[in-house]
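# Structural features, examined
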Amino acid sequence: MLVLGLETSCDETGVALYDSERGLLADALFSQIEQHRVFGGVVPELASRDHVKRMLPLIREVLTTAGVERTQIEAIAYTAGPGLVGALLVGASCSQALAFAWGIPAVGVHHMEGHLLAPMLEEQPPAFPFVALLVSGGHTQLVRVDGIGRYQLLGESLDDAAGEAFDKTAKLMGLQYPGGPEIARLAEIGTPGRFTFPRPMTDRPGLDFSFSGLKTFTLNTWLQCREAGDQSEQTRADVALAFQQAVVDTLTIKCRRALKQTGLNNLVIAGGVSANQSLRQSLEKMLGELKGQVFYARPRFCTDNGAMIAYAGCQRLLAGQQDGPAIGVQARWPM
Ligand code: KG4
Ligand code: ZN
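The rules we used
Residues numbered from 1 in each chain as written. Chains lettered and ligands numbered in written order. Predicted model: local features only at pLDDT ≥ 70, side-chain atom pairs only at ≥ 80, totals over all residues. Heavy atoms only, no water. Pairing = 2+ DSSP bridges. Helix = DSSP H or I, 4+ residues; strand = E, 2+ residues; numbered from the N terminus. Axes fitted to C-alpha atoms, helices over the stretch in contact; angles between N-to-C directions. Phe/Tyr/Trp six-rings, centres within 6.5 Å; stacked < 30°, edge-to-face > 60°. Buried < 20%, exposed > 50% of the residue type's maximum accessible area, 1.4 Å probe, protein only. Lys NZ or Arg CZ within 6 Å of the ring centre and 35° of its normal. Near = heavy atom within 4 Å. Polar contact = N/O pair within 3.5 Å; in protein donor to acceptor, adjacent residues only side chain to side chain. Areas by Shrake-Rupley, 256 points an atom, 1.4 Å probe, with all protein chains shown as cover. Nonpolar A, V, L, I, M, F, W, Y, C, P; charged D, E, K, R; others polar.

## Comments concerning the sheet that holds strand β2 (residues 12-19)
- An order of β3-β2-β1-β4-β5 is seen for the five strands of this open sheet, with the pairing classed as mixed. The two strands at the open ends of the sheet, each matched to only one other strand, are β3 (23-31) and β5 (106-110). Ignoring strand direction, the axes of neighbouring strands in this sheet form an average angle of 20°.
- The sheet contact formed by strand β4 (residues 75-81) and β5 spans five bridges and is parallel. Residue Ile 76 lies in a different strand from β5, and its bridge partner there is Ala 106.

Below, the structure written as structure tokens:
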């Protein structure tokens, strides 16, 4: 089955063609980050307008790259939520219109299911069952995955998502949006051990997270540095490293706990923060000790993209799911 996938939940327009026999045929992405950067975060109205502009040229681009005629497309998958409503509506209405015009089915996909399944596009995909750590700008969740659509929530963030904590902390320290890659870049030159930050909620049982206090702790440290007259680039890097290390350790401790609780030894990490090298290294070390394996997508497919939506939609369609022509999207939507 040849599926066209469209992603428009936030500030990236992603389009891809996935074939259940031949795999990923083509994918194209336009990131709006530069347009939102001057505002320090995503401006929803600007995001929607830009998706409208980019969508059809990107669809043409993937068709050309893959050498596919539009008549060969058998179904369309689009992100139906969660995300920014205006942005989601662009992908949903475009998909439903094309599906109607071409006489093919359309299916709405959960954005986080897309992230969760993105590692399936790699050469050595994980086998079910596994534990998944979903770490994006909007979500931080630990999920037991027994198959497509068979998800059991084990724990989640009670306040900020991990990516959101990176973004907000970066902003407090005068860094650009999105903050995750900025903090990761600075942390590379940070001095280990100069600052030590708390590992929130690791001293009590359970698999939930809380990152909001860590953000405040970082702000207070940064303000103390200012009072001491030291907000040098090196100090900024030292604070960034301490923050990143606290997030990475916290996520690693909870993943270890989730693996122990479920008796599983395969871990999938997905979502924008799974691109973080320090997190990958820490989880790989932990899984090495447990004689298990960590799976993740190539960096390009950790953040938002059309390939994960085409893949997830294809699995849903093969399982018999098909949506009606209604253009329905959901800003909030439990997986
Ligand atoms: O999955 P994603 O593209 O969008 C959502 O679904 O939210 O994730 C974006 C998030 C942002 O918060 C960004 O700062 C974070 O992923 N991110 C990173 C890195 N790359 C992106 N966080 C930490 N380290 C990175 N290398
Ligand atoms: Zn995402």
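## Brief notes about the packing of aromatic side chains
- Under the defined criterion, the tally for this structure stands at five aromatic pairs.
- On the basis of an interplanar angle of 85° and a centroid distance of 5.2 Å, the ring pair of Phe 166 and Phe 243 is categorised as edge-to-face. Taken as a pair, Phe 166 in helix α5 (residues 162-172) and Phe 243 in helix α8 (residues 233-262) lie far apart in primary sequence, 77 residues in all.
- Ring centres of Phe 209 and Phe 211 lie 5.9 Å apart, and the angle between their planes is 15°; this geometry places the pair in the stacked category.
- The class for Phe 211 is buried, based on a relative accessible area of 1%.
- The lysine or arginine in question, Lys 254, covers the ring of Phe 209, its NZ or CZ lying 5.8 Å from the ring centre.
- The aromatic ring of Tyr 296 is capped on one face by Arg 280, whose charged end is 3.8 Å from the ring centroid.

## As for the site of ligand 1
- The local shell around ligand 1 holds 19 residues, among which His 115, Gly 137, Asp 167, Gly 272 and Asn 276 are the closest.
- Within the contact set of ligand 1, an oxygen atom lies 3.1 Å away from a backbone nitrogen or oxygen of Gly 163.
- Between ligand 1 and Asn 276 there is a distance of 3.0 Å, counted from a nitrogen atom to a side-chain nitrogen or oxygen.
- Contact with the protein chains hides 87% of the accessible area of ligand 1, taken as 550 Å² for the molecule alone.
- At the level of elements, α4 (111-117), α5 and α6 (179-187) are the ones that each hand at least two residues to the shell around ligand 1.
- The greatest single-element share of the shell around ligand 1, amounting to three residues, is contributed by α5.
- Residues of the shell around ligand 1, tallied by class, amount to six nonpolar, 11 polar and two charged.

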